[in-house]
Amino acid sequence: MVEDLCAWLRRDAVARVSYIDRAVAVEKELNLPITCKDIEDFGELDTFPFEERVCFKQAVEALRRDNVDKLRQLLDRHGKSVWVGRGENQARWNLLQAVARLVEACEDADRQLLDHSRSLEALVDFYTSSLREVDRLQREFEQAVGDSLGLEDDADEVIHQARLTYRKWADQLHAIFIRHVEKSGWPMLGRLANADVFDKILAPRLAESGRRVALFMIDAMRYELGVELAKQLNDEGQVEAQAVCAQLPTITAVGMASLLPGAGQTLRLRRIEYKVMVELDGQALTSVNQSMDVLRKRYGQRF
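Here's a quick rundown of the structure. (Residues numbered from 1 in each chain as written. Predicted model: local features only at pLDDT ≥ 70, side-chain atom pairs only at ≥ 80, totals over all residues. Heavy atoms only, no water.)

**What to know about the overall build of the chain**
The secondary structure content of the chain amounts to 13 helices and 3 strands. In terms of overall dimensions, the chain is more spread out than a globule: its C-alpha atoms have a radius of gyration of 27 Å, far above the 19 Å expected for 303 residues. Its C-alpha atoms give the chain principal-axis dimensions of roughly 80 × 45 × 35 Å. Looking at the chain residue by residue over its 303 residues, the buried ones come to 35%. As displayed, the chain offers around 19,300 Å² of accessible surface, 51% of which is attributable to carbon and sulfur atoms. Side-chain charges of the chain comprise 42 positive and 50 negative groups, with the mean position of each set lying 5 Å from the other. (Helix = DSSP H or I, 4+ residues; strand = E, 2+ residues; numbered from the N terminus. Rg over C-alpha atoms; globule rule 2.2 N^0.38 Å. Buried < 20%, exposed > 50% of the residue type's maximum accessible area, 1.4 Å probe, protein only. Areas by Shrake-Rupley, 256 points an atom, 1.4 Å probe, with all protein chains shown as cover. Lys, Arg positive; Asp, Glu negative; His and termini not counted. Charge placed at Lys NZ, Arg CZ, Asp CG, Glu CD.)

In structure tokens, the structure reads:
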């Protein structure tokens, strides 16, 4: 009866405030964190706030030991605790949830990578179909890190562990990719390249009388984020996301120039000491304005 009554108090929006105030007071009166310091398992219910902190430390330890099953068990058991939803606690547990999803995704992807890495085409198809989810979870993890700034040192260890796991996975993927590029070359045969995007996709539409086209050049927008944008834009009309081969090296000046008209035929890169100079049809492009001038000269008032 006592457990049922406390469960009701925690669920009820009005009574919950009184429950929290009283539980905090009782914990302080009985000095429970010190009295119970030798107890490791408090069961499934977090009656007092200090139990939530103990559970979080256990989850961190599970992550440190690479025990993802134990980590997931603790997250599932305490995810709905009345203490998890309180300000700093919520940010801390959200971070841990993001870490668990990222670590699990890295492990799953690692197991599948060998079966999809026999060729460059297979590897790219694997990334665009499912492997990109690892990068999406990494982005959400870093967002959770931003939301948890100012937490105690436990969070720092969690963040470091997650970044280390992702880095090891990304390094492995990168090594396989570079090995294939060295053997097969880049861009891939039969695949659209960035340098041909304007001439093959935009130019035909601009050749139609009265056609208006909006072109967004977004720096450092990787494929998985483009897919998320396409999902959101799908509510406004028909949307198609298509993967293309980036122009190497993938620095801003090269990337922007590769999306201009005629880049597939006239884009040239020159190295001057330790810098890369980008030229389009013999003209150096050293600023955004110069790149925009290429479009302005070709399309006049339409630009």
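Picking up after the structure, the text goes on.
**Things to note about the environment of Glu142**
By secondary structure assignment, the location of Glu142 is in helix H7 (residues 120–147). Note on Glu142: relative accessible area 29%, which makes it partly exposed. Between the C-alpha atoms of Glu142 and Ala98, which are 44 residues apart in sequence, the distance is 8.7 Å.

**Quick word on the pattern of salt bridges**
Under the definition given, this model contains 22 salt bridges. A salt bridge links Glu27 to Arg53; the nearest nitrogen and oxygen atoms lie 3.4 Å apart. Highlighted residues: Glu27 in helix H2 (residues 13–29) and Arg53 in helix H4 (residues 49–64), separated in sequence by 26 residues. Put simply, Lys37 and Asp38 hold a salt bridge, and the shortest N to O gap is 3.7 Å. Grouping residues by exposure puts Lys37 and Asp38 together as exposed. If you follow the salt bridges from partner to partner, you end up with Glu61, Arg64, Arg65 and Glu157 in one network. (Salt bridge = Lys/Arg side-chain N within 4 Å of Asp/Glu carboxyl O.)

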